[in-house]
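# A closer look at the structure
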Amino acid sequence: MATSFAKFLFILVAISFHVKTLSAARVISTPKTNIEFIRTSCSTTTYPKLCYSSLSVEASKIQNSPKLLANAALNVTLASARSTSIMMQKLSQSHGMKPMEVSAMQDCVEELSDTVDELRKSIDEMGKTKGSNTQLMINDIQTWVSAALTDESTCSEGFAGNSMNGNVKSAVRGLILNIAHLTSNALALINNYASLHG
Ligand SMILES: *[C@@H]1O[C@H](CO)[C@@H](O)[C@H](O)[C@H]1NC(C)=O
């Protein structure tokens, strides 16, 4: 069943509202030092507010570990890339889209699928880092996460054309921008972790 664009937008807003309320509620029961560690680490990223709001919910799992923090950032980015990929797939089947928009949307679904692969590989590798191989593995992870950023910007560029519907364009670019910011933050936290092994 194809979903209409208006319905899609409504679901999108509802989901993001739900996520925000959920985060706010869970933070309260976490030890203060863990929260402070996340706040301080996030202040070194390009999007500190997004970093804090997306990771403080995982504070009790992250504790004071730069590695677990980077890992959690990758997890959050992967989850977001996955759900956006599913939404884009649905959106590409919605009524009233121009062939050009459908085609840009399908390209984006490809690019998001590459992003998901790159993030998954990075998370796997992160789980294996140990001892003398750590630096080499972190280099791989940095390469993959950078590749994910490139794929996201390629997707966004596909929606730059003036002949696209303004609503479709801004909805897609908003979704992709959010993933790109999460990815950029994850990369900064990976770089922090890497600097401890330099
Ligand atoms: C990341 O996700 C994996 C798999 O879902 C999970 O086992 C792990 O605990 C998560 N790590 C953090 C730090 O959230």
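These notes cover the structure that comes with them. The model shown is predicted, which means the values in this text are computed figures rather than measured ones.

## Quick notes on the overall build of the chain
Assigned secondary structure in the chain consists of 8 helices and 0 strands. Its helices and strands taken in sequence order, the chain reads α-α-α-α-α-α-α-α from the N to the C terminus. Taking the contacts inside the chain whose residues are at least 6 apart along the sequence as the reference set, 76% of them involve residues at least 24 apart. Surface accessibility of the chain: about 10,400 Å² in total, with carbon and sulfur atoms responsible for 59%.

## Observations concerning the state of the cysteines
Following the criterion strictly, the structure yields 2 disulfides and no others. Two residues, Cys42 and Cys51, share a disulfide whose sulfurs are 2.0 Å apart. Handedness of the Cys42-Cys51 disulfide follows from its S-S torsion of about -70°: it is left-handed. Of the two residues, Cys42 and Cys51, neither departs from the other in class, the shared state being buried.

## Concerning unusual backbone geometry
Excluding glycine, a negative phi dihedral is what most residues carry, and trans is how most peptide bonds are arranged. Residue Gln63 is not a glycine yet carries a positive backbone phi of 55°. With respect to the secondary-structure elements, Gln63 resides in the loop between helix H4 (59-62) and helix H5 (66-91).

## Description of the environment of Pro31
The residue Pro31 is located in the loop between helix H1 (5-27) and helix H2 (32-42) in this model. What makes Pro31 partly exposed here is its relative accessible area of 44%.

## Regarding the nonpolar core
The nonpolar side chains of soluble globular proteins are, as a tendency, buried together. Ranked by size, the top nonpolar core spans 46 residues in total, and within it Ile38, Leu55, Leu74, Met88, Met105, Phe159 and Val172 carry the most contacts. Secondary structure elements with two or more residues in this core: H2, helix H3 (48-55), H4, H5, helix H6 (99-128), helix H7 (134-157) and helix H8 (166-195). With 11 residues, the top contributor of residues to this core is H8. Filtering out sequence-adjacent residues up to four positions away, Phe159 remains in contact with Glu101, Ala104, Met105, Cys108, Met164, Val168, Lys169, Val172 and Arg173.

## What to know about the site of the ligand
Around the ligand, a shell composed of Lys61, Leu68, Ala72 and Asn75 is seen. At a separation of 2.3 Å, an oxygen atom of the ligand approaches a polar side-chain atom of Asn75. Within the complex, 52% of the 370 Å² of free accessible area of the ligand lies under protein. In terms of residues, the shell around the ligand owes the most to one element, H5, which gives 3 residues. Tallied by class, the residues present in the shell around the ligand amount to 2 nonpolar, 1 polar and 1 charged.

## Digging into the environment of Phe37
Tracing the backbone shows Phe37 in helix H2. Residue Phe37 is classed as buried on the basis of its relative accessible area, which comes to 18%. For the pair Phe37 and Asn64, spaced 27 residues apart in sequence, the C-alpha separation works out to 6.1 Å. Not counting the four nearest positions on each side in its chain, Phe37 is found in contact with Ile62, Gln63, Asn64, Ser65, Pro66 and Leu69.

## Some words on the packing of H6 against H8
Closest axis-to-axis distance for the H6/H8 pair is 13 Å, and the angle between their directions is 20°. It follows that H6 is roughly parallel to H8 by the angle criterion. In the packing of H6 onto H8, the handedness of the crossing is left-handed. Along its contact with H6, which presents Glu101, Met105, Leu112 and Met126, the element H8 presents Val168, Val172, Ile176, Ile179 and Tyr193.

Thresholds, definitions, all that
- Residues numbered from 1 in each chain as written.
- Predicted model: local features only at pLDDT ≥ 70, side-chain atom pairs only at ≥ 80, totals over all residues.
- Heavy atoms only, no water.
- Helix = DSSP H or I, 4+ residues; strand = E, 2+ residues; numbered from the N terminus.
- Contact = heavy atoms within 4.5 Å.
- Areas by Shrake-Rupley, 256 points an atom, 1.4 Å probe, with all protein chains shown as cover.
- Disulfide = S-S within 2.5 Å.
- Buried < 20%, exposed > 50% of the residue type's maximum accessible area, 1.4 Å probe, protein only.
- Core = buried A, V, L, I, M, F, W, Y, C linked by side-chain atoms within 4.5 Å.
- Near = heavy atom within 4 Å.
- Polar contact = N/O pair within 3.5 Å; in protein donor to acceptor, adjacent residues only side chain to side chain.
- Nonpolar A, V, L, I, M, F, W, Y, C, P; charged D, E, K, R; others polar.
- Axes fitted to C-alpha atoms, helices over the stretch in contact; angles between N-to-C directions.
- Parallel < 35°, antiparallel > 145°, perpendicular 65-115°, else oblique.
- Left-handed = near helix turned anticlockwise from the far one by under 90°.

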